[in-house]
Structure formats: C-alpha cells, structure tokens
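Read off the chains here:
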Amino acid sequence: MEQAILGGGCFWCLEAAFSPLRGVSRVVSGYCGGRLDHPSYQQVCSGSTGHVEVVAIDYDPAAIDFATLLNVFFAVHDPTTLNRQGHDVGTQYASVIFCQNAQQRDIAQACIRELAREQVYAEPIVTRLEDPAPFYAAEDHHQRYYALNSQQNYCQLVISPKLSKIRQKFAHLLQNN
C-alpha cells in the first residue's frame, strides 16, 4: 500500500471522488501542512493555522497508480484558482499535492507539465507541490460525509455533479464496474 495526500478544496468532495475507485482501500478527510498539532475544523477554517483540507488516500499501486489518481484529482477540482474552490475561499482550500517521496513529486511535475502543454485549462495551474507533512484526521463527523449525507443541499449541488463527472470520465476505474 502507498499513500497520496491531496488538497483541492473541500475534503468532503475529494473523499467522495476517490472512495469508489478500484485499488483505493481507504480515504480519510483531514488537515495537512500547518503549524498546529491536531487542529480542529474550526481552527483550520479560521485560516490561521496554515493547514489545508486534504484527503489521505491509501491505495494499491498494482491496481491504480499515482498518475491515475492525479488524473482524477485534476478532473474534479479547478487547479487554476489560488486558495479557492467555488464558494470555498481561503488558504485551507488550496490546490496542493503533499508528495510523499521523490517519485510522487516527479510524477506530479510531469502531470502538471502535460496539462499545461495540452492547454487543458485556460489559466495557469497553481497547484503547489509540498514535501511530506504531518496529516491529522478530521473529526469523525467529517468522515464519509457524502455517503452519510448525500441528500443534503451541499452534497446535491456540489459533490453529486463531481461524482457524475467521475462516472462518465473514469467509469473504467470504478470498483463496481
């Protein structure tokens, strides 16, 4: 097993996006990159701790590789907006990859170069590549949020469209296919 730690706006969205992928054994919503040990959601939301909302993805590289995870990552969020995803604004919503090793950094750099070369986005990609940092799991009520609250307005308006996009673009990666 290997781990990827990715931040691309609200961790509820990313957790829901990566959970159904074949080869992904666990996705945990949490915080990474800040100055405070074991921060709370309220502390991170204040923007004063330096943490980013992220997901820690445990995956089997024989079933899904890091580059494929990044393809999904770049498809489900806007990597061109600095510290913002939709209505979520602040440094805690940054687009960031916490590279766990040199190989992940090389793959992430190549992926970003390829997206830029192909002009997938009209604006430059602002996704940061960071070194490994302590990961802190978010509070229990943030885990499996979409699975437990799929009828909530935020889930219907923000997360469900992202999941539809995944089912269309990445159907071959889903566990149930």
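The written sequence of each chain sets the order in which its residues are numbered from 1. In view of the model being predicted, local features appear only for residues whose pLDDT reaches at least 70, and side-chain atom pairs are presented and counted only at 80 or more, with totals across whole chains, interfaces and linings using the full set of residues. For side-chain calculations, the full set of non-hydrogen atoms in the structure is used, while hydrogens and water are omitted.

**Student:** Teacher, can you tell me more about the pairing of strand β3 (residues 52-59) here?
**Tutor:** The two faces of a sheet get side chains in turn, since along a regular strand they alternate between them. In this scheme, a residue with accessible area under 20% of its type's maximum is buried, one over 50% is exposed, and one in between is partly exposed, where area comes from a 1.4 Å probe on protein chains only. The helix count covers DSSP runs of H or I at least four residues long, the strand count covers runs of E at least two residues long, and both are numbered beginning at the N terminus. Counting buried positions along β3 gives eight out of eight residues, so the element sits mostly inside the fold. A two-sided burial pattern is seen for β3, the buried positions comprising Val52, Val54, Ala56 and Asp58 on one face and Glu53, Val55, Ile57 and Tyr59 on the other. Judged from the five bridges that link them, strand β1 (residues 2-8) and β3 form a sheet pairing that is antiparallel. Its bridge partner lying in β3, Ile5 is registered against Ala56. By the convention used here, strands pair only if DSSP detects at least 2 bridges between them.

**Student:** Any chance you could explain the environment of Ala102 here in plain terms?
**Tutor:** With respect to the helices, strands and loops of the structure, Ala102 is situated in helix α4 (residues 102-117). Given the relative accessible area of 55%, Ala102 is considered exposed.

**Student:** How should I be thinking about the UniProt feature "active site" (unreviewed entry) in the chain in this particular structure?
**Tutor:** UniProt positions are given in the numbering used here, feature names are shortened, and annotations may be inferred rather than shown by experiment. The sites that carry the UniProt feature "active site" (unreviewed entry) are, in the present numbering, Cys10. Its place among the elements puts Cys10 in the loop between β1 and α1 (11-18). The criterion used for residue contact is that any of the two residues' heavy atoms lie within 4.5 Å. Among all residues touching Cys10, those that are not within four sequence positions of it are Glu53, Asp88, Tyr93 and Tyr154.

**Student:** Explain the nonpolar core to me, please; I cannot follow it from the model alone.
**Tutor:** Where a protein is soluble and globular, its nonpolar side chains tend to be buried together. Of all hydrophobic cores here, the largest spans 45 residues; its most connected members are Phe18, Leu21, Ile57, Leu70, Phe74 and Ile97. For this core, the elements supplying multiple residues, two or more each, are β1, α1, β2 (24-32), β3, α3 (66-76), α4, α5 (145-149) and α6 (153-169). A total of eight residues in this core trace back to one element, the largest contributor, which is α3. Other than its neighbours up to four places away in sequence, Phe18 contacts Leu6, Val24, Val27, Val55, Ile57, Leu69, Val72 and Phe73. One finds Cys32, Val52, Ala94 and Val96 within the second-largest nonpolar core, a separate group that totals eight residues. Nonpolar core, defined: a set of buried Ala, Val, Leu, Ile, Met, Phe, Trp, Tyr and Cys residues in which side-chain atoms within 4.5 Å join the residues together.

**Student:** Help me out: how do you make sense of the pattern of salt bridges in this one?
**Tutor:** Opposite charge on two side chains lets them pair, provided their charged atoms get close. A side-chain nitrogen of Lys or Arg and a carboxyl oxygen of Asp or Glu constitute a salt bridge if their distance falls within 4 Å. Counted under the stated rule, the structure contains five salt bridges. We note a salt bridge from Arg105 to Asp131, for which the minimum N-O separation is 2.7 Å. Highlighted residues: Arg105 in helix α4 and Asp131 in the loop between β7 (128-130) and β8 (135-137), separated in sequence by 26 residues. A salt bridge links Arg128 to Glu130; its shortest N-O distance comes to 2.8 Å. Linked through salt bridges whose partners overlap, the residues forming this network are Glu114, Arg117 and Glu118.

**Student:** Quick question: what am I supposed to make of the packing of α3 against α6 here?
**Tutor:** How two helices sit against one another is set out by the angle between their axes and by the gap between those axes. Only the stretch in contact is used when a helix axis is fitted, and all axes are lines through C-alpha atoms; the angle between N-to-C directions ranges over 0 to 180 degrees. In contact at an axis separation of 10 Å, α3 and α6 are set at 135 degrees when each is read in the N-to-C sense. Between α3 and α6, the angle falls in the class oblique. In this structure, the crossing between α3 and α6 has a hand that is right-handed. Along the contact surface, α3 presents Val72, Ala75 and Val76, while α6 presents Lys162, Lys165, Ile166 and Lys169. When grouped by side-chain class, the residues that make up the contact of α3 with α6 number four nonpolar, no polar and three charged. Throughout this description, any angle smaller than 35 degrees is read as roughly parallel, any larger than 145 degrees as roughly antiparallel, any in the 65 to 115 degree range as roughly perpendicular, and the remainder as oblique. Handedness of a crossing is defined here by the sense of rotation of the near helix relative to the far one, left-handed for an anticlockwise turn of less than a right angle and right-handed for a clockwise turn. Here the term charged refers only to Asp, Glu, Lys and Arg, the term nonpolar to Ala, Val, Leu, Ile, Met, Phe, Trp, Tyr, Cys and Pro, and the term polar to all other amino acids, Gly among them.

**Student:** What is the right way to look at the side chain of His142 in this model?
**Tutor:** Tracing the sequence through the fold places His142 in the loop between β8 and α5. By relative accessible area, which is 3% here, His142 ends up buried. Of the polar contacts made by the side chain of His142, one reaches the side chain of Trp12; its length is 3.1 Å. What His142 contacts, discounting residues up to four positions off in sequence, is Phe11, Trp12, Ser29, Tyr31 and Tyr41. The term polar contact refers here to a pair of N or O atoms within 3.5 Å; inside protein, the definition further demands a hydrogen-donor-capable atom paired with an acceptor-capable atom, and it admits residues adjacent in sequence only when both atoms are side-chain atoms.

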